[in-house]
Amino acid sequence: MTAVPTIGVLALQGDVREHVRALEAAGARTLRVRRPDELERVDGLVLPGGESTTMWRLARSFELLEPLRKRIEAGLPAYGSCAGMIMLADRIVDGAAGQETVGGIDMTVRRNAFGRQVDSFESGVALTGMGDTPYHAVFIRAPWVESVGDGVEIIGRADGGPNAGRIVAVRQGRLMATAFHPELTGDFRVHHYFADLVRRTTEEE
């Protein structure tokens, strides 16, 4: 019998409830993570969409920033959407003064690259390993990936419009990130993909 993983959602700010719903639909147990001891109880972690500077400041205030870095460095599977993508990036362009990240993915991310709230849009994105049907992606003040290191797999690019071809989904080992918000749709393929990644990791250990 396949074990059911416990996947945490960083519950400092952002789309926490929506990610919890999507993860449970993908067959995972969930835990809202606000403290270091809660972080120690999860098999994987989602860093949600929200506001990356607020998330960074709250993570520092809750004394979670260093524990997050250490667990991810030690191999904890993690997925970041939108602001979560920024949090998992090793490098940021156009970040706030002094803005820090958790890091882990060898990429440079441009904050608010697709524009302001009024520039939010929806677009189809073909996602590697998640079926042949393009994913209907929701972009809200979204970042994009400027560049990636050799160990990073590009699993999705923006389709159509002036920003066609921009990198919007990546994976590096046990870490993955999207510039869009799959938690805001009824299509839980991204969460199934991540839950399967966490499940395989727990079985290997």
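Everything numeric in this text was worked out from a predicted model, so none of it was measured. Once a new chain begins, its residue numbering starts again from 1 and follows that chain's sequence as written. Residue-level local features of this predicted model are given only where pLDDT is at least 70; pairs of side-chain atoms are given and counted only at 80 or more, and the full residue set underlies all totals for whole chains, interfaces and linings. Excluded from the side-chain calculations are hydrogens and water; all other atoms, namely the structure's heavy atoms, are used.

Colleague: So, the overall build of the protein: which residues are in play, and what are the values?
Modeller: Summing up its helical and strand segments, the protein has 6 helices and 12 strands in all. Computed over its C-alpha atoms, the radius of gyration of the protein comes to 15 Å, within 12% of the 17 Å expected for a compact globule of 205 residues. Seen through its C-alpha atoms, the protein measures out along the principal axes to roughly 45 × 40 × 35 Å. Exposure classes here rest on a 1.4 Å probe applied to the protein chains alone. A residue is buried below 20% of its type maximum, exposed above 50%, and partly exposed in between. Counting only residues that meet the buried cut, the protein has 53% of its 205 residues in that class. Residues count as neighbours in contact if any of their non-hydrogen atoms are within 4.5 Å of one another. For the protein, the proportion of contacts with a sequence separation of at least 24, taken over those separated by at least 6, is 65%. The method behind every accessible area is Shrake-Rupley, applied with a 1.4 Å probe, and residues are considered shielded solely by the protein chains displayed. For the protein, the exposed area adds up to about 9,000 Å²; of that, 46% sits on carbon and sulfur atoms. Treating the 24 positive side-chain charges of the protein as one cloud and the 28 negative ones as another, the clouds have centres 3 Å apart. Here a strand is any run of E in DSSP of at least two residues, a helix any run of H or I of at least four, and the numbering for each starts at the N terminus. Atoms counted for the radius of gyration: C-alpha only. Globule rule: 2.2 Å times the number of residues to the power 0.38. Positive: Lys, Arg. Negative: Asp, Glu. His and the chain ends are not part of the count. Every charge is mapped to an atom, namely NZ of Lys, CZ of Arg, CG of Asp or CD of Glu.

Colleague: Requested: an account of the UniProt feature "active site" (unreviewed entry) in the protein, with residues and values cited.
Modeller: Summarizing the sequence annotation, UniProt attributes the feature "active site" (unreviewed entry) to C82, H181 and E183 in the numbering used throughout. The largest pairwise C-alpha distance within this set of annotated residues, which runs over 102 residues, is 10.7 Å, so the set is compact in three dimensions. Filtering out sequence-adjacent residues up to four positions away, H181 remains in contact with D15, G49, G50, C82, V138 and I140. Mapped onto the fold, E183 is located in the loop between β12 (175–178) and α6 (189–204). Pairs of N or O atoms are called polar contacts if they sit within 3.5 Å, as long as, within protein, a hydrogen donor faces a hydrogen acceptor (for residues adjacent in sequence, only side-chain-to-side-chain pairs). A distance of 3.3 Å separates polar atoms of two side chains, one belonging to E183 and the other to H19. UniProt positions are given in the numbering used here, feature names are shortened, and annotations may be inferred rather than shown by experiment.

Colleague: Can you tell me about the pairing of strand β11 (residues 167–172), naming the residues and giving the values?
Modeller: Looking down a regular strand, the side chains alternate between one sheet face and the other. The buried fraction of β11 is high, at 5 of 6 residues. The pairing of strand β10 (residues 153–157) with β11 spans 4 bridges and is classified as antiparallel. If you follow E153 over to β11, its bridge partner there is R171. Whether two strands pair depends on DSSP finding at least two bridges between them. Where β11 and β12 come together, 4 bridges link them in antiparallel fashion. Its bridge partner being in β12, A169 is matched across the sheet by T178. Here β11 hands over to β12 after 2 residues, with G173 in that stretch at a positive phi of 60°.

Colleague: Please provide a residue-by-residue account of the pattern of salt bridges, values included.
Modeller: Salt bridge, as used here, is a side-chain nitrogen of Lys or Arg placed within 4 Å of a carboxyl oxygen of Asp or Glu. A complete count under the given rule lists 12 salt bridges for this structure. A salt bridge links E100 to R69; the shortest N-O distance between them is 3.2 Å. With E100 in the loop between β5 (89–93) and β6 (105–110) and R69 in helix α4 (residues 65–73), this residue pair connects regions lying 31 residues apart in the sequence. By relative accessible area, E100 is classed as partly exposed at 26%.

Colleague: Provide a residue-level description of the nonpolar core, including the pertinent values.
Modeller: If you look at the biggest cluster of nonpolar residues, it comprises 63 residues, and the most contacted ones within it are M107 and F180. If one sorts the elements of this core by residue count, α6 sits on top with 6 residues. Excluding anything up to four places from it in sequence, M107 contacts M85, L88, A89, D90, R91, V145, S147, V148, V170 and A177. Only buried residues count toward a nonpolar core. Its members are Ala, Val, Leu, Ile, Met, Phe, Trp, Tyr and Cys residues joined through side-chain atoms within 4.5 Å.

Colleague: Hey, could you go over the UniProt feature "binding site: L-glutamine" (unreviewed entry) in the protein for me, with residue numbers and the actual values?
Modeller: Per the UniProt record, "binding site: L-glutamine" (unreviewed entry) is annotated on G50, E51, S52, R111, I140 and R141. Spatial clustering of the annotated residues is evident: they stretch over 92 residues in sequence, but the largest pairwise C-alpha distance comes to 12.7 Å. One can find G50 in the loop between β3 (44–47) and α3 (52–61). Classification of G50 by relative accessible area gives partly exposed; the value is 37%. Here E51 shows up in the loop between β3 and α3. The exposure class assigned to E51 is buried, which follows from its relative accessible area of 17%. Excluding its chain neighbours within four sequence positions, the residues that come into contact with E51 are Q13, A83, R111 and R141. Here T54 takes part through its backbone nitrogen, which lies 3.1 Å from a polar atom of the side chain of E51.

Colleague: Go over helix α1 (residues 16–25), please, and point to the residues and values.
Modeller: Taken together, the buried positions of α1 are V16, E18, H19, V20, A22 and L23. Contact partners of the buried residues in α1: β1 (6–10), β2 (29–33), β3, β4 (78–81) and α6. In the stretch just after α1, G27 is the one whose phi turns positive, near 90°.

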